2 protein chains.
Amino acid sequence: MKALKIPEATITRLSVYSRFLEAIDKKGIVTISSGEIAEGTGVSPAQVRKDLAYFGEFGTRGVGYNVKDLLKHTLKILGLTNRWSVVVVGAGNLGSALVSYRGFRQRGFDIVGVFDNDLTKIGKKLLDLEVLGTEEIPRVVKEHNVKMGVITAPASAAQDVANILVKSGVKAILNFAPTVLNVPDHVHVRNIDLSTKLEILTFHLGMENEGY
Amino acid sequence: MKALKIPEATITRLSVYSRFLEAIDKKGIVTISSGEIAEGTGVSPAQVRKDLAYFGEFGTRGVGYNVKDLLKHTLKILGLTNRWSVVVVGAGNLGSALVSYRGFRQRGFDIVGVFDNDLTKIGKKLLDLEVLGTEEIPRVVKEHNVKMGVITAPASAAQDVANILVKSGVKAILNFAPTVLNVPDHVHVRNIDLSTKLEILTFHLGMENEGY
DNA sequence: TAGATTGTTAATCGATTAACAATC
DNA sequence: TAGATTGTTAATCGATTAACAATC
């Protein structure tokens, strides 16, 4: 209920801390300090404490944080204490890769549908999922109470896909198409643009040679 | 040569502007204003002008920007006026998808090598590329003057892969493994963490239900 | 000239860092 | 108690926005 605005970077880091804590916990380590978390995740100790402080007091002064405890809290904050059903729209190479990606399942995401409007792809099996036509999206979204959709369709189709997803009741979209989506305010969208990330690197490489 | 620090977000947006301008240019539109660019890319007009102003004066007061001209400038800034050879390490689903991804080639990236240390993957063909053992990385990097590497190996192997890439002379790494890489200061690293992006969305969805 | 839009400065906003009192 | 580390406040740093003079 707090009206406190939390920086997006804080949430991103929380995800990183969470994964780091999982690894630490697996090693059997019980207690960890903000300095050690910082060391392991490449941020500053003050940053770690500040990020956590948005959500509560999870540590013990003079001691540090209980690993299992803090891990649970970070997962709770990220909304990962229950599983999420996800649909993927676009069964090309990237879409297929995501459906097969074990990392998602491990963090609580269940891909319950893959869709395409390319007839040569419909009916294909990806793991245990059959690629369905996009007209099936509303049914699957309703049946599995899907809140999240991933768009791996080409840029030219992305907006149409987004419209279908929104109309079906999806509340959050992860968009891999290099295009800006128009959605209602209540729908969350994040873009992952693979080329853009490479271009940040070429920018820096180019700068070193020529300078700007 | 300017010592001016440019925000990473500016570079990301420049990449978005650049792609938007390509689309606008294809429509045959000659002139565009900061307001129209802003409208098309989801930022503020002041932001657009500020971002561009880091690099020069590309517009004409009272008129706007010449589309072709500005497109050229943004490509130049991003280092996309010549092509980049890239290697991909990790020939799993994601690696395979990236090799086949046409978006890279279109923006000036040529994937010249795919590597894995899994014997069942070595020798497989991805498009016209044969998957090679990781011991071949140094040779290919040198032969093609590769400056950029993409890591799509599992987290457990990512640091080893990074070491090999750095030793081979790679200067920039795009890392898909959910782990923090240790590399020398002169090597640029960016992470793309697919789960983290989903977790930002679940965070927001969770917040709406329970509040934080 | 009048209208439009840039480039740039100053004001605002927000995020990170430093420092330290609280406390185990 | 002495040493350590958190939680939090204040200071700093950086990025975005608003406003407007310059100028086409």
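Sequence order as written defines the numbering, with residues in each chain counted from 1. Labels follow written order: the first chain is A, the first ligand is 1, and so on. Reporting in this predicted model follows two pLDDT cut-offs: at least 70 for local features of residues, and 80 or more for side-chain atom pairs to be given and counted; totals over whole chains, interfaces and linings ignore these cut-offs and use all residues. Hydrogens and waters are ignored; side-chain quantities use all the structure's heavy atoms.

K.L.:
Quick rundown of the packing of helix H1 (residues 8-26) of chain B against helix H4 (residues 67-77) of chain B? Include the residues and the values.
P.N.:
All names here are of chain B. Between H1 and H4, whose axes approach to 9 Å, the crossing angle comes to 145 degrees. Both H1 and H4 take part in a crossing whose hand is left-handed. Between H1, through Leu 14, Ser 18, Leu 21, Glu 22, Ile 24 and Asp 25, and H4, the contact on the second element is made entirely by Val 67, Lys 68, Leu 70, Leu 71, Thr 74, Leu 75 and Ile 77. Structural elements are reduced to axes, namely lines fitted to C-alpha atoms, with helices fitted over the stretch in contact, and the angle between N-to-C directions of any two is expressed from 0 to 180 degrees. The numbering of helices and of strands both runs from the N terminus, where a helix is a DSSP run of H or I of at least 4 residues and a strand a run of E of at least 2. Rotating anticlockwise by less than a right angle from the far helix to the near helix defines a left-handed crossing, while the corresponding clockwise rotation defines a right-handed one. The contact rule is simple, with two residues in contact once any of their heavy atoms fall within 4.5 Å.

K.L.:
Report on the side chain of A:Asn175, specifying residues and quantitative values.
P.N.:
All names here are of chain A. When you line up the elements, Asn 175 lands in strand S9 (residues 172-175). For the purposes of these results, a polar contact is taken to be a pair of N or O atoms within 3.5 Å, where, inside protein, one atom must be able to donate a hydrogen and its partner to accept one; residues adjacent in sequence count only when each atom of the pair is a side-chain atom. Among the polar contacts listed, one links the side chain of Asn 175 to the backbone nitrogen of Ala 177, at a separation of 2.9 Å. Among residues more than four places away in sequence, those in contact with Asn 175 are Ile 151, Ala 158, Leu 181, Arg 190, Asn 191 and Ile 192.

K.L.:
Which residues make up the interface of chain B and chain A, and what values go with them?
P.N.:
Listed by partner, the interface residues are 60 residues for chain B and 59 residues for chain A. Carbon and sulfur atoms supply 70% of the area that chain B and chain A bury against each other, a total of about 5,900 Å² over both sides. In what follows, salt bridge is the name for a side-chain nitrogen of Lys or Arg lying within 4 Å of a carboxyl oxygen of Asp or Glu. Across the chain B-chain A interface, the total number found is 4 salt bridges. Remark: the boundary between chain B and chain A carries 18 residue pairs in polar contact (both at pLDDT 80 or more). Per-class residue counts for the side of chain B that touches chain A are 32 nonpolar, 15 polar and 13 charged. The buried area of a pairing is the accessible area, by a 1.4 Å probe, that goes missing from both parts when the two are put together, added over both. Asp, Glu, Lys and Arg are counted as charged, while Ala, Val, Leu, Ile, Met, Phe, Trp, Tyr, Cys and Pro are counted as nonpolar; the rest, among them Gly, fall into the polar class.

K.L.:
Describe the sheet that holds strand S1 (residues 31-32) of chain B, naming the residues involved and giving the relevant values.
P.N.:
Residues and elements named next belong to chain B. In this analysis, strands are considered paired if DSSP registers two or more bridges between them. Across the sheet, which stays open at both edges, the 3 strands sit in the order S1-S3-S2 with antiparallel pairing between neighbours. The open sheet has two edge strands, S1 and strand S2 (59-60), and neither has a second partner. Note: S2 against strand S3 (residues 64-66), 2 bridges, orientation antiparallel. In the sheet register, Thr 60 faces S3, and the bridge partner there is Gly 64. Contacts between H4 and the sheet are confined to S1 and S3, with S3 contributing the most and set at about 75 degrees to the helix.

K.L.:
Can you break down the UniProt feature "domain: CoA-binding" (unreviewed entry) in chain A residue by residue, with the values?
P.N.:
Annotation from UniProt places "domain: CoA-binding" (unreviewed entry) at residues 80-180 of chain A. Between the C-alpha atoms that bound residues 80-180 of chain A there is a distance of 27 Å. The span itself is 34% helix and 29% strand. UniProt positions are given in the numbering used here, feature names are shortened, and annotations may be inferred rather than shown by experiment.

K.L.:
Describe the nonpolar core, and please don't skip the residues or the numbers.
P.N.:
In this structure, A:Ile37, A:Met148, B:Ile37 and B:Met148 are the most contacted members of the largest nonpolar core, which totals 98 residues. Sequence-distant contacts of A:Ile37, that is, excluding residues within four places in its chain, are made with A:Tyr17, A:Phe20, A:Leu21, A:Ile32, A:Val48, A:Tyr65 and A:Leu70. The criterion is simple. A nonpolar core is a set of buried Ala, Val, Leu, Ile, Met, Phe, Trp, Tyr and Cys residues joined through side-chain atoms within 4.5 Å. Accessible area is worked out with a 1.4 Å probe on protein chains only. A residue is then buried under 20% of its type maximum, exposed over 50%, and partly exposed in between.

K.L.:
A description of the relation of the copies chain B and chain A should follow, citing residues and the corresponding values.
P.N.:
Our superposition of the copies is a least-squares fit, built on the C-alpha atoms of residues whose pLDDT is at least 70 in both. Overlaying chain B on chain A yields an RMSD of 0.0 Å, the required transformation being a rotation through 180 degrees with an accompanying axial translation of 0.0 Å. Such a combination of turn and shift is consistent with a two-fold rotation axis. Both copies contact each other with a shared surface, as 98% of the interface residues of chain B are interface residues in chain A too.

K.L.:
How would you explain the protein's contact with DNA strand D if you had to name every residue and give the values?
P.N.:
Throughout, near means a residue has at least one heavy atom within 4 Å of the molecule or strand. Among the 25 residues in the neighbourhood of DNA strand D, the closest are listed as A:Ser34, A:Arg49, A:Gly59, A:Gly62 and A:Tyr65. Within 4 Å of the protein, the atoms of DNA strand D are drawn from sugar and phosphate moieties in a proportion of 69%. At 3.2 Å, a side-chain N or O of B:Arg13 approaches a phosphate oxygen of DNA strand D. Between B:Arg61 and DNA strand D, the recorded distance is 3.1 Å, taken from a side-chain N or O atom to a base nitrogen. Taken together, the elements giving at least two residues each to the surface near DNA strand D come down to helix H3 (45-53), strand S2 (59-60) and strand S3 (64-66) of chain A together with H1 and helix H3 (45-53) of chain B. It is H3(B) that provides the largest number of residues to the surface near DNA strand D, a total of 4 residues. In the surface near DNA strand D, the residues fall into 6 nonpolar, 10 polar and 9 charged.

K.L.:
Hey, could you go over helix H1 (residues 8-26) of chain A for me, with residue numbers and the actual values?
P.N.:
All names here are of chain A. For a helix, the expected span equals 1.5 Å multiplied by the number of residues minus one. Counted at 1.5 Å a residue, the expected span for H1 with its 19 residues is 27 Å, and the 28 Å between its end C-alpha atoms agrees. Burial in H1 covers these residues: Thr 10, Ile 11, Arg 13, Leu 14, Ser 15, Tyr 17, Ser 18, Arg 19, Phe 20, Leu 21 and Ile 24. Following H1 by one or two positions, Gly 28 adopts a phi angle in the positive range, close to 85 degrees.

K.L.:
Describe the pattern of salt bridges, listing the residues and the values that go with them.
P.N.:
Tallied over the full model, the rule gives 22 salt bridges over all chains. Among the salt bridges present, the one from A:Asp118 reaches A:Lys121, with a minimum N-O distance of 3.6 Å. A residue is classified by how much of its surface remains accessible, and A:Asp118, at 27% relative accessible area, is partly exposed. The partly exposed category is assigned to A:Lys121, whose relative accessible area is 23%. Across the pair B:Asp110 and B:Arg83 runs a salt bridge whose closest N-O atoms are separated by 2.8 Å. Of this pair, B:Asp110 sits in strand S5 (residues 109-116) while B:Arg83 is found in the loop between H4 and strand S4 (84-89), placing the two residues 27 residues apart along the sequence. Taken together, the shared-partner salt bridges in this structure form one network comprising A:Glu22, A:Arg107 and B:Glu199.

K.L.:
Any chance you could break down the protein's contact with DNA strand C for me, citing the residues and the numbers?
P.N.:
The local shell around DNA strand C holds 25 residues, among which B:Ser34, B:Arg49, B:Gly59, B:Gly62 and B:Tyr65 are the closest. Considering the 4 Å shell around the protein, atoms of DNA strand C inside it are sugar or phosphate in 69% of instances. One nitrogen or oxygen atom from the side chain of B:Glu57 is found 3.2 Å from a phosphate oxygen belonging to DNA strand C. Here B:Arg61 contributes a side-chain N or O atom positioned 3.0 Å from a sugar or linking oxygen of DNA strand C. When residues of the surface near DNA strand C are traced back to their parent elements, those giving at least two are H1 and H3 of chain A together with H3, S2 and S3 of chain B. Counting residues per element, the surface near DNA strand C draws most heavily on H3(A), at 4 residues. Split into classes, the residues belonging to the surface near DNA strand C amount to 6 nonpolar, 10 polar and 9 charged.

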